Amino acid sequence: MPRLTDERMIQELRKFDTATICNVVATYPESDICLKLYDAWWGEYYTDTSLHCMYPELGPVCGYAATAWYSDARPEHTQLDPWILFEHLNSTRKPVILVAKQTYTPGLENISGLFGGMMTTKFKAFDVVGVVTDGPMRDYVEIKEQNVQYLATGLTSGHGPLQLRGANIPIRVAGMAVKPGDVVHMDQCGACKFAADKLSKVLEYATELDRRESRDKAMFQDPKFTLEKWKSLQKKREKKLVQ
């Protein structure tokens with residue numbers, strides 16, 4: 001069987017939920033189909049409960065990370081080249097997941113609707129399929145029509161003067177530390193990242209985990225299921241692992 005292209009593997013990963021990706025990346029280090037890429041608890045490879053999925057009906061989304069940092073505009077902040085983010089998006093492998101850090105003067109963090117319809121339209125022109133950000137968004141309906149997924153803290157209608165503080169930089173958003181070019185998988189429960197060179201192995205292990213879980217679900221849902229059968233099957237599996 002010919003090796004799948006990276007583009008095809010990214011699309012194949014959309015068949016799985018983000019919890020499955022977490023499981024094979026780091027969550028179950030004792031498993032033979034876990035890559036153990038990060039510490040299961042402290043590895044900063046997935047987002048925390050501060051973010052909410054804005055369009056759960058879109059299902060899982062996967063792509064390569066582009067990164068940005070925004071804040072309220074202040075005179076002491078360095079004025080960056082206005083094209084720096086779009087040049088970064090243009091050079092990032094496709095499809096793109098934009099991971100954006102938002103930092104504000106205290107009191108502004110919940111009233112800055114940074115990401116809106118026009119901004120999303122521009123991003124989509126660069127094949128951005130999802131945005132992970134630790135601040136609010138707005139223009140809910142307008143963005144929904146564009147089929148771009150968002151993980152954000154909530155919704156608000158306005159904002160004041162804003163400023164891009166950085167792009168194409170390592171950032172930490174909602175507990176997830178991301179570098180440009182990482183693969184990011186996101187769904188209703190949050191986002192997970194891993195290094196792009198692990199793409200093939202993550203897909204392989206996710207496929208195998210899905211197969212095993214489907215098998216186990218069938219066992220538990222069988223009308224003839226008994227605790228004794230479960231114990232017997234578990235002993236066989238443990239013996240096989242030892243061998």
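Scroll up to find the structure this text is about.
Criteria and thresholds
Residues numbered from 1 in each chain as written. Predicted model: local features only at pLDDT ≥ 70, side-chain atom pairs only at ≥ 80, totals over all residues. Heavy atoms only, no water. Helix = DSSP H or I, 4+ residues; strand = E, 2+ residues; numbered from the N terminus. Buried < 20%, exposed > 50% of the residue type's maximum accessible area, 1.4 Å probe, protein only. Contact = heavy atoms within 4.5 Å. Areas by Shrake-Rupley, 256 points an atom, 1.4 Å probe, with all protein chains shown as cover. Lys, Arg positive; Asp, Glu negative; His and termini not counted. Charge placed at Lys NZ, Arg CZ, Asp CG, Glu CD. Arc of directions from axis to C-beta. Phe/Tyr/Trp six-rings, centres within 6.5 Å; stacked < 30°, edge-to-face > 60°. Axes fitted to C-alpha atoms, helices over the stretch in contact; angles between N-to-C directions. Parallel < 35°, antiparallel > 145°, perpendicular 65-115°, else oblique. Left-handed = near helix turned anticlockwise from the far one by under 90°. Nonpolar A, V, L, I, M, F, W, Y, C, P; charged D, E, K, R; others polar. 1 Å grid on protein atoms, 1.4 Å probe; cavity = no way out; pocket = protein on both sides within 12 Å on 5 of 7 lines; lining within 4 Å. Points joined across faces, edges and corners; volume = space filled by probe spheres on them. Polar contact = N/O pair within 3.5 Å; in protein donor to acceptor, adjacent residues only side chain to side chain. Pairing = 2+ DSSP bridges.

So, the overall build of the protein
Reasoning step 1: When helices and strands are counted, the protein shows seven helices and ten strands.
Reasoning step 2: Counting only C-alpha atoms and orienting by the principal axes, one finds that the protein spans roughly 70 × 35 × 35 Å.
Reasoning step 3: Taken over 243 residues, the protein has a buried fraction of 42%.
Reasoning step 4: Within the protein, residue pairs in contact and separated by at least 24 positions form 73% of the contacts whose partners lie at least 6 positions apart.
Reasoning step 5: Put simply, the protein shows about 13,300 Å² of open surface, and 55% of that area lies on carbon and sulfur atoms.
Reasoning step 6: In the protein, 31 side chains carry a positive charge and 31 a negative one; their mean positions are 8 Å apart.

Concerning helix H4 (residues 117-124)
Residues separated by three or four positions in an α-helix point in the same direction, a consequence of the helix having 3.6 residues per turn.
Reasoning step 1: What H4 keeps buried is the set Gly117, Met119, Thr120 and Phe123. All buried residues of H4 fall inside an arc of 160 degrees around its axis, so they share one side.
Reasoning step 2: Contact partners of the buried residues in H4: strand S2 (61-72), helix H3 (84-91), strand S3 (96-103), strand S4 (128-133), helix H5 (140-144) and strand S5 (149-152).

Considerations on the packing of aromatic side chains
Reasoning step 1: Per the counting criterion, the structure on display carries twelve aromatic pairs.
Reasoning step 2: When the centroid spacing of 6.3 Å and the interplanar angle of 40 degrees are considered together, the rings of phenylalanine 86 and phenylalanine 123 count as tilted. Of this pair, phenylalanine 86 sits in helix H3 while phenylalanine 123 sits in helix H4, placing them 37 residues apart in sequence.
Reasoning step 3: Ring plane angle 35 degrees and centroid distance 5.7 Å describe the contact between phenylalanine 86 and phenylalanine 126, whose orientation is recorded as tilted. Linking phenylalanine 86 in helix H3 with phenylalanine 126 in the loop between H4 and S4, this pair joins segments that are 40 residues apart in sequence.

Overview of the packing of helix H2 (residues 18-27) against helix H6 (residues 199-221)
Reasoning step 1: For the pair H2 and H6, the least separation of the axes is 9 Å and the interaxial angle reads 115 degrees. Taken as axis vectors, H2 and H6 run roughly perpendicular relative to one another. Handedness of the crossing formed by H2 with H6: right-handed. Contact with H2, carried on its side by Thr20, Ile21, Asn23, Val24 and Val25, involves Val202, Tyr205, Ala206, Leu209 and Glu213 of H6 and no other residues of that element.
Reasoning step 2: Broken down by class, the residue content of the contact of H2 with H6 amounts to seven nonpolar, two polar and one charged.

Quick word on the layout of surface pockets
Reasoning step 1: Of the volumes computed, that of the largest pocket is approximately 780 Å³.
Reasoning step 2: Surrounding the largest pocket, 21 residues form its lining, Asp32, Arg212, Arg215, Asp216 and Arg237 being those nearest its centre.
Reasoning step 3: Taken together, the elements giving at least two residues each to the lining of the largest pocket come down to H2, H6 and helix H7 (227-242).
Reasoning step 4: The leading source of residues in the lining of the largest pocket is H6, at nine residues.
Reasoning step 5: Of the volumes computed, that of the second largest pocket is approximately 300 Å³.
Reasoning step 6: If you trace the second largest pocket, you find 17 residues lining it, with Tyr70, Phe86, Met119, Lys122 and Phe123 closest to the centre.
Reasoning step 7: If you list the elements that add at least two residues to the lining of the second largest pocket, you get H3, H4 and strand S6 (162-167).
Reasoning step 8: The dominant element in the lining of the second largest pocket, judged by the number of residues it contributes, is H4, at five residues.

A few points about the environment of glutamate 7
Reasoning step 1: Mapped onto the fold, glutamate 7 is located in helix H1 (residues 6-13).
Reasoning step 2: Sequence separation of glutamate 7 and glycine 63 is 56 residues, and the distance between their C-alpha atoms is 9.0 Å.

What to know about the side chain of glutamine 102
Reasoning step 1: Summarising the element assignment, glutamine 102 is placed in strand S3.
Reasoning step 2: Of note is the side chain of glutamine 102, whose polar atom sits 2.7 Å from the side chain of threonine 133.

Here we look at the pairing of S5
Along a regular strand, successive side chains alternate from one face of the sheet to the other.
Reasoning step 1: Of the two faces of S5, the one lined by Gln149 and Leu151 and the one lined by Tyr150 and Ala152 are each fully buried.
Reasoning step 2: With two bridges connecting them, strand S1 (residues 52-53) and S5 associate as antiparallel partners. Bridge pairing in S5 places histidine 52 opposite alanine 152.
Reasoning step 3: By the bridge criterion, three bridges tie S4 to S5 in an arrangement that is parallel. Bridge pairing in S5 places valine 132 opposite leucine 151.

Function cannot be read off these values alone, since they describe shape.
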